[in-house]
Amino acid sequence: LKEFIHTNDYEEYISCDIGGAIDRGNGQVRTLRMKSVISPRGRNLNLKNALFKPVVCYIRSLCADNGRVRVIQASAQPAGQGSSVFTTSRTTDVQSGTYMTRHTYDMKFSYVSESFNYILRHEARSLMGTSFYNLVYPADLNAVVVSIREMLTKGHTRTPYYRLIGLNKSVLWVQTEATIVNHTAKGQKGQYIICVHQLIG
């Protein structure tokens, strides 16, 4: 496993505290960068040229005959460019209850799907240029900031469930997948952040 996980992430995995008791739930969620032999354009690479891609992992502690065993359940969707997040950024059709936004590096809105904008503010384009953090429920802000920092380091994150403040101070529970996307426009390379928000209720 050590040979396939980014050095910094392996240290994080080893030091991950999964508690003294056997885990009965989903365990801890971590984004680990793992080697991939598939390029962003779908080409096969050899292991020497493998790229690191962020993969969401659920880490659990289970009981075995010889003691406790650490189990990793890895989810490679989405896992950076070429994933469903990148595909979503190119299309306007998103499944019901899922909404897409695009942000600058300081998390200001540069695109908001009309339906999501309607749910949150009820006015067309009222979110453009404003900070995403202004919409996060104050008690949940720290957890969201931690997830965004993880994304800026590793290229992808999946937030825990958190609340957004909507129209008339209503509260919406969401979970967000955030990914850094590289792009080239007029010969200039740049990056932006794509967020896919799953509305829970």
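For the structure itself, consult the block above.
For clarity, every value in this text was computed on a predicted model and none was experimentally measured.

Basis of the calculations
Residues numbered from 1 in each chain as written. Predicted model: local features only at pLDDT ≥ 70, side-chain atom pairs only at ≥ 80, totals over all residues. Heavy atoms only, no water. Pairing = 2+ DSSP bridges. Helix = DSSP H or I, 4+ residues; strand = E, 2+ residues; numbered from the N terminus. Patch = residues over 30% accessible without salt bridge, like charges linked within 9 Å, V, L, I, M, F, W, Y side chains within 5 Å. Areas by Shrake-Rupley, 256 points an atom, 1.4 Å probe, with all protein chains shown as cover. Salt bridge = Lys/Arg side-chain N within 4 Å of Asp/Glu carboxyl O. Buried < 20%, exposed > 50% of the residue type's maximum accessible area, 1.4 Å probe, protein only.

S.K.: I'd like a rundown of the pairing of strand 5 (residues 109-112), residues and numbers included.
M.R.: In this structure, strand 4 (residues 98-103) lies alongside strand 5, joined through three bridges in antiparallel fashion. Pairing of Thr101 across the sheet is with Val112, part of strand 5. Counting the residues in the hairpin turn of strand 4 and strand 5 gives five residues, including Met107, whose phi is positive at 65°.

S.K.: Describe in detail a nonpolar patch on the surface, supporting the description with residues and values.
M.R.: On the surface, Phe4, Val37, Ile38 and Leu47 cluster together to form a nonpolar patch covering roughly 330 Å² of accessible area. Looking at the secondary structure, you find Phe4 in the segment before helix 1 (7-14).

S.K.: I'd like to hear about the pattern of salt bridges, residue by residue, with values.
M.R.: Counted under the stated rule, the structure contains five salt bridges. Put simply, Asp9 and Arg33 hold a salt bridge, and the shortest N to O gap is 2.8 Å. With a gap of 24 residues between them, Asp9 in helix 1 and Arg33 in strand 1 (residues 28-36) connect regions that are remote in the sequence. A single burial state applies to Asp9 and to Arg33, both of which are buried. When the shortest N-O distance is used, the salt bridge between Lys154 and Asp9 registers 3.6 Å. Taken as a pair, Lys154 in helix 4 (residues 141-154) and Asp9 in helix 1 lie far apart in primary sequence, 145 residues in all. Salt bridges sharing common partners tie together Asp9, Arg33, Glu150 and Lys154.

S.K.: Kindly report on unusual backbone geometry, identifying the contributing residues and their values.
M.R.: Phi at Met107 takes a positive value of approximately 65°, unusual for a residue other than glycine. Relative to the assigned elements, Met107 resides in the loop between strand 4 and strand 5. Looking at Met107, the relative accessible area reads 1%, which means it is buried. A positive phi angle is found at Lys169, which is not glycine, with a value near 65°. Considering the arrangement of structural elements, one finds Lys169 in the loop between strand 7 (162-165) and strand 8 (171-185).

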